[in-house]
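# Coordinate analysis (summary)
Each chain, written out:
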Amino acid sequence: MAEATLAGTRAPSGHPQQSRGAVPQPPRGATPQGSRRALRAVWALPPVALLGLVFLYPLALVVRQSLTPDNGGGAFDAYSAVFASHAFREALGTTVWLALAATAGCLLLGFTLALIIAFVPFPGAKAVARFIDVFLSFPSFLITLALLFIYGTVGMANGLWTDVLGGTEGPFHFLTTPWGVLLAEITYFTPFVMRPLLAAFSQLDTAQLEVAAGLGARPARIVRQVILPEALPALAAGGSLVLVMCLNEFGIVLFTGAKGVTTLPMLVYGKAILESDYPAACVVAVVNIAISIGLFGLYRVVGKRAGA
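Definitions and cut-offs
Residues numbered from 1 in each chain as written. Predicted model: local features only at pLDDT ≥ 70, side-chain atom pairs only at ≥ 80, totals over all residues. Heavy atoms only, no water. Helix = DSSP H or I, 4+ residues; strand = E, 2+ residues; numbered from the N terminus. Buried < 20%, exposed > 50% of the residue type's maximum accessible area, 1.4 Å probe, protein only. Contact = heavy atoms within 4.5 Å. Areas by Shrake-Rupley, 256 points an atom, 1.4 Å probe, with all protein chains shown as cover. Core = buried A, V, L, I, M, F, W, Y, C linked by side-chain atoms within 4.5 Å. Salt bridge = Lys/Arg side-chain N within 4 Å of Asp/Glu carboxyl O. Phe/Tyr/Trp six-rings, centres within 6.5 Å; stacked < 30°, edge-to-face > 60°. pLDDT = per-residue confidence, 0-100. Patch = residues over 30% accessible without salt bridge, like charges linked within 9 Å, V, L, I, M, F, W, Y side chains within 5 Å. Expected span 1.5 Å × (residues − 1). Bend = angle between axes of the 7 residues up to and from the residue.

A tally of helices and strands in the protein chain yields 13 helices and zero strands. Element order for the protein chain, N to C, with α for helix and β for strand: α-α-α-α-α-α-α-α-α-α-α-α-α. Out of the 308 residues belonging to the protein chain, those deemed buried represent 32%. For the protein chain, the proportion of contacts with a sequence separation of at least 24, taken over those separated by at least 6, is 72%. Of the roughly 19,400 Å² of accessible surface on the protein chain, 68% is carried by carbon and sulfur atoms.

See below:
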């Protein structure tokens, strides 16, 4: 009875008495989760501020200059003038068709080379696959410079032609044309397609290939019905990335010396550096950034679905 009486005794506040070993509860609103969130917010402020200062602030200045130029005029006068110019429309068309053509070429060449490296046994296949990773770190102008040594006006191909046939000059002058820019972009960006393809091929179940071959399927049919469906996500991710990078490529166009090829980055360079027309340059830059951000968002969506 005494124990029951003690158990039912209540404190003056009306609550049951707590045992001596009970842990006091924290006051409402002061949960550990809330404290951790506040601490994360405090630690995130310095990098976010640095990011805004280094990247977002210059971008905001470009947008502001395009809307309110220092030389006066309305908010969208610079946009109207740029959109109405023939140079901008031509540069936009050149940028789009070069990017699409280079992406298509990279997809076709990259898929073929990745197939050979992954499924055709030959000595040095692993070394070639490792070299693909190293190739991704090369600057774009280095590839263009190598092509100039081979196909330039005084390059190896023209020199061999004149030595053999005795002509005054060789026939290879395409590097200064859009086709030269296209060749350089395909050469440089193809490894960006091959890398995700090789990763996808390494995870492919070889039993499916053995079963298809055992049933009498030819190599072309195996590629079309077994390998290609598995490679589609990697192809989409690599192609999206190449498309974004081709739209913003500047070094290849500049180093090839293709004077008749004007892309959006080259137009920005011409307006800002050569003509000192900064409002027009900022307008073209804003358009280029908007296209790039849209395509990068597409690349991220495709990359998540592909598991890249």
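Picking up where we left off.
Okay, the nonpolar core next. Membership of the largest hydrophobic core comes to 45 residues, with the highest contact counts inside it found for Phe189, Leu197 and Phe201. At the level of secondary structure, the elements contributing two or more residues to this core comprise α4 (86–119), α5 (125–135), α6 (140–151), α8 (178–202), α9 (206–214), α10 (219–247) and α11 (251–256). The element contributing the most residues to this core is α8, with 12 residues. When residues no more than four places from it in sequence are discounted, the contact partners of Phe201 are Phe111, Ala114, Leu115, Ala118, Phe119, Ile227 and Ala231. Among the nonpolar cores identified, the runner-up in size contains 12 residues, and Ala78, Ala91, Ala280 and Val286 belong to it.

Okay, the pattern of salt bridges next. With the rule as written, the count across this model stands at one salt bridge. Across the pair Lys271 and Glu275 runs a salt bridge whose closest N-O atoms are separated by 3.4 Å.

Attention shifts here to the packing of aromatic side chains. In the structure shown here, the tally under the stated rule is 17 aromatic pairs. A centroid spacing of 5.4 Å and a plane angle of 25 degrees characterise the contact between Phe141 and Phe255, whose relative ring orientation is stacked. With Phe141 in helix α6 and Phe255 in helix α11, this pair connects stretches of sequence that are 114 residues apart. Take Phe141: its relative accessible area is 37%, and that puts it in the partly exposed class.

Interpretation of this model should avoid reading the predicted coordinates in detail wherever pLDDT is low. Mean pLDDT over the protein chain stands at 79; residues scoring 70 or higher make up 85%. Ranking the elements of the protein chain by mean pLDDT puts helix α1 (residues 2–8) last with 44 and α4 first with 92. Contacts for the low-pLDDT stretch residues 1–19, under 50 throughout, to residues beyond four places or in other chains number five contacts.

Residues Leu50, Leu51, Leu53, Val54, Phe55, Leu56, Tyr57, Leu59, Leu61 and Val63 make up a contiguous nonpolar surface patch of about 940 Å² in total accessible area. Within the fold, Phe55 resides in helix α2 (residues 32–67). Classification of Phe55 as exposed rests on a relative accessible area of 56%.

On to the side chain of Ser140, then. Here Ser140 shows up in helix α6. Its relative accessible area of 14% is what places Ser140 among the buried residues. Non-local contacts of Ser140, meaning those with residues more than four positions away in its chain, are made with Tyr188, Glu249, Gly251 and Ile252.

Our next topic: helix α12 (residues 264–274). Those residues of α12 not exposed but buried are Leu264, Pro265, Met266, Leu267, Gly270, Lys271 and Ala272. Just beyond α12, the residue with positive phi is Ser276, at close to 55 degrees.

As a further point, take the side chain of Thr144. With respect to the helices, strands and loops of the structure, Thr144 is situated in helix α6. Sequence-distant contacts of Thr144, defined by excluding residues within four places in its chain, comprise Ala184, Ile252, Phe255 and Thr256.

Here we come to α8. The end-to-end C-alpha distance of α8, which contains 25 residues, comes to 36 Å, matching closely the 36 Å that a straight helix rising 1.5 Å per residue would cover. In the structure, α8 departs most strongly from a straight axis at Phe189, where the bend amounts to approximately 35 degrees and where the proline Pro191 lies between one and four residues downstream.

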